Structures are given as C-alpha cells and as structure tokens.
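What follows is each chain in one-letter form.
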Amino acid sequence: MSFTPIGASRPKITVSTLQEKKSRHEPITCLTAYDYWGARLVDEAGIDMILVGDSLAMTVLGQENTLSLTVDEMLHHVRAARRGISNALLLADMPYGSYHLASDEAVRNATRFVKEAGAEMVKIEGGEKRADLIRRILDAEIPVAGHIGLTPQSVNRMGGFKVQGKSLSDIERLMRDAVALDRAGVSCMFLEGIPREVAEMITSEVGCPTIGIGAGPGCDGQVLVFHDILHLTFEPAAKFVRRYMDGAREISQAIEAFRADVLTKDYPADTESYHLSPETRQAIETLLERKGAMRGRRSMNTVE
Ligand code: KIV
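Basis of the calculations
- Residues numbered from 1 in each chain as written.
- Predicted model: local features only at pLDDT ≥ 70, side-chain atom pairs only at ≥ 80, totals over all residues.
- Heavy atoms only, no water.
- Near = heavy atom within 4 Å.
- Polar contact = N/O pair within 3.5 Å; in protein donor to acceptor, adjacent residues only side chain to side chain.
- Areas by Shrake-Rupley, 256 points an atom, 1.4 Å probe, with all protein chains shown as cover.
- Nonpolar A, V, L, I, M, F, W, Y, C, P; charged D, E, K, R; others polar.
- Axes fitted to C-alpha atoms, helices over the stretch in contact; angles between N-to-C directions.
- Helix = DSSP H or I, 4+ residues; strand = E, 2+ residues; numbered from the N terminus.
- Parallel < 35°, antiparallel > 145°, perpendicular 65-115°, else oblique.
- Left-handed = near helix turned anticlockwise from the far one by under 90°.
- Contact = heavy atoms within 4.5 Å.
- Domains from an automatic or database assignment.
- Phe/Tyr/Trp six-rings, centres within 6.5 Å; stacked < 30°, edge-to-face > 60°.
- Buried < 20%, exposed > 50% of the residue type's maximum accessible area, 1.4 Å probe, protein only.
- Lys NZ or Arg CZ within 6 Å of the ring centre and 35° of its normal.
- Core = buried A, V, L, I, M, F, W, Y, C linked by side-chain atoms within 4.5 Å.
- Pairing = 2+ DSSP bridges.
- Right-handed = clockwise from strand over helix to strand, strands pointing away.

Caption draft 1: Molecular detail of the site of the ligand. Taken together, Thr-32, Leu-51, Gly-53, Asp-54, Ser-55, Asp-93, Lys-123, His-147, Phe-190, Ile-213 and Val-225 make up all the residues around the ligand. At a separation of 3.1 Å, an oxygen atom of the ligand approaches a polar side-chain atom of Asp-93. Taking Lys-123, its side chain carries an N or O atom lying 2.8 Å from an oxygen atom of the ligand. Starting from 250 Å² of accessible surface for the ligand in isolation, the protein chains cover 97%. Here the shell around the ligand is built from residues that sort into four nonpolar, four polar and three charged.

Caption draft 2: Quick look at the packing of helix H8 (residues 168–184) against helix H9 (residues 196–205). In the contact formed by H8 and H9, the axes pass within 10 Å of each other and the chain directions differ by 30 degrees. Taken as axis vectors, H8 and H9 run roughly parallel relative to one another. The crossing of H8 and H9 is right-handed. Within the contact between the two elements, H8 uses Ile-171, Leu-174, Met-175, Ala-178 and Val-179 and H9 uses Val-198, Met-201, Ile-202 and Glu-205. For the contact of H8 with H9, the per-class residue count stands at eight nonpolar, no polar and one charged.

Caption draft 3: Quick look at the domain arrangement of the chain. Split by domain assignment, the chain resolves into domain 1 (15–242) and domain 2 (253–303). The centre of domain 1, based on its C-alpha atoms, is set 57 Å off from the matching centre of domain 2.

Caption draft 4: Quick peek at the packing of aromatic side chains. Tallying each qualifying case throughout the model produces two aromatic pairs. Seen from their ring centres, Trp-37 and Phe-226 are 6.4 Å apart, and the 75 degrees between their planes marks the pair as edge-to-face. With Trp-37 in helix H2 (residues 36–44) and Phe-226 in helix H10 (residues 226–229), this residue pair connects regions lying 189 residues apart in the sequence. Looking at Phe-226, the relative accessible area reads 8%, which means it is buried. Just above the ring of Phe-190 sits the side chain of Lys-123; from NZ or CZ to the centre is 5.4 Å.

Caption draft 5: Representation of the nonpolar core within the structure. Counting residues in hydrophobic clusters, the biggest one holds 74 residues, and the most contacted among them are Met-49, Val-78, Phe-113, Met-189, Phe-190, Leu-191 and Ile-202. Per-element accounting of this core gives the leading share, six residues, to H8.

Caption draft 6: Representation of the environment of Leu-263. Among the secondary structure elements, Leu-263 is positioned in helix H11 (residues 247–263). It is 39 Å that separates the C-alpha atoms of Leu-263 and Leu-224, two residues lying 39 residues apart in sequence.

Caption draft 7: Representation of the sheet that holds strand E7 (residues 210–213) in the model. The eight strands lie next to each other as E1-E2-E3-E4-E5-E6-E7-E8, forming a closed barrel whose pairing is parallel. Recorded for the sheet is a direction-independent mean angle of 25 degrees between the axes of neighbouring strands. Sheet analysis places strand E2 (residues 49–52) next to strand E3 (residues 89–93), joined by four bridges and oriented parallel. Bridging from a neighbouring strand, Leu-51 pairs with Leu-91 of E3. Here H9 sits on the sheet in contact with strand E5 (144–149), strand E6 (188–192) and E7, set at roughly 170 degrees to E6.

Caption draft 8: The environment of Ala-257, seen in detail. Looking at the secondary structure, you find Ala-257 in helix H11. Assessed through its relative accessible area of 38%, Ala-257 is described here as partly exposed. Residues Ala-257 and Asp-132 lie 125 residues apart in sequence; the distance between their C-alpha atoms is 56 Å.

Caption draft 9: Main features of the pairing of E6. With five of its five residues buried, E6 lies for the most part within the structure. Where burial is concerned, the two faces of E6 agree: the one with Cys-188, Phe-190 and Glu-192 and the one with Met-189 and Leu-191 are both buried. Summarising the sheet, E5 and E6 pair through five bridges and their orientation is parallel. Of the residues in E6, the one forming a bridge with Ile-148 is Leu-191. Handedness of the crossover joining E6 and E7 through H9: right-handed.

Structure representation (structure tokens):
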C-alpha cells in the first residue's frame, strides 16, 4: 500500500474520499484537535479527518466528563481549528443537550457549526433512536457521523466509561444501531470501546466507513485523542492508547529549565536582548558626559 508523503501536495479530503478509501481498503486516519495550533500540526502531518471532539471538555478544560460543554464553547474551538486546516476534513462534535431535545433546535445547532465555524460534518452519539434526526440534518445538507458503543455523553446511564457490547443482547443492539445509522445515511460511524470482533462484524455489515477508538484493528479507520498520543495528560492511559511521545514530562522539564534560568539570571543572555545602534549609543554617551560635566561645574561654583 502506498501513502502520500508528508509535505507532498495532497488533495482536499471530502466525504467521498472516505467512501473511496473504504472501497480501496485504505485505512482512514483521524485525530482530535481543539485549536489552531494543534489542528495545523495534525493537518500538516497528513491526517484525513480532524475531529474537534467534545473530549475537549476533559483534555483542555479539565472537566470530569463531556456533559457540561455548550454549543458556544464548541464553536469557539471549531473556529480556531478551522484556521489551521487546509486539507483534512473538519468534523465537529455536537455537545450533550444540543440535539437531545427538539429536532428543529438540533438542526439549527448543526447549521451553526457549518455557518459559524466552517465544520464539514457533525457527529452525534447514539444509534437507532437518532436515525430520524440524522435524516433531518442531512436534509439541511450537512454530512453526519454516527457514534456508537461507549458513547461518553451516556456516562451516567452506562455507570462510567465502560466497554460496551460484551453480551449477546448488547451485540445485537449494537448491530441494529449500526445498520440503522448506515441506512439513515451517515458518512461514517465511530465505534468506541467495543470488542474487536463486534467492530469487525459491524464494519463488514455496513456500507459507510467505520472509525474505531478502542475497537480493534478491523475498522476502516482509527481515531485517537491528540492529548493521549502525545501524553499531554495527567491520568493513566486507557488500554487502547498508544503514546508517541512523553509530552507532559518534556513540557514540565522545559518549564522548570526556564524558571531556573530566570532565577540564576542566565536568561536573558546578551544575544536575547535588543540593542541600540552604535550611533544612538554614542549620542547618548556624549549627552551623558556633557550633563556630567555641567553638574561638575555647578558643584564647583557652589564651593566657591
Ligand atoms: O470527543 C471525542 O474525542 C470523541 C472520540 C471519538 C475521539 O468523540
């Protein structure tokens, strides 16, 4: 399998690209990002989809779960990410409460992500019960991603962030949910925290691409959280997380080094300081000398 090297000019990723990749059995890459800086790095690394996930409530805002996040908070971050993206498809999570009440309100909220923040797709959690709403959002010309399995917005109902789809009845329900989302017309579906065998069954059953997180290698694509892969977290990582750097440790060391340099006056060095031009410096020295001479003459006069 070939892949486009970083730096080479890459085509814009669209919803059709995702489907094409599924038919070519080419893995789809997805990573979260929550601001301009992160999104730009992720985009430049050649990742296909950038998800401004509501995980930002936990990774960036320090909340215990995702439930408190508002549409306005999400919009703020999606807009920032938009500015950093050239090629990747920008996907926005609809926060808890923004699509659970009236469907008109849900469609209005979905359109805000497109109009006010430049999202190209919105993601909503839940299976069969969301099928009608998904059709309504699609009627507003907005591509939708589904999300089933461990759906973090259901944390209270699930009694914690627990792996789903372990019993036969749960597997049957997940299969029903997946088929309902596919029939409703989602452009892709996220499968989170389910046994790999179940994810494999869903992936071969549905026409749209599946994007797994903690769902094993059989999905059409994989997504992870930006802060998890870089280890910019304080908590232990979940089993499925692979860390590609020790970010928190390296950043702490850098901050400690800066503090030490200030305390020892090692920072800033002369090379890190601005200087006057030699002419201005000379002019100031002459001025100071003249003033000094005048002061000297005045004090001699006082003695006389
Ligand atoms: O909010 C999020 O980060 C998600 C995951 C699928 C990564 O929804």
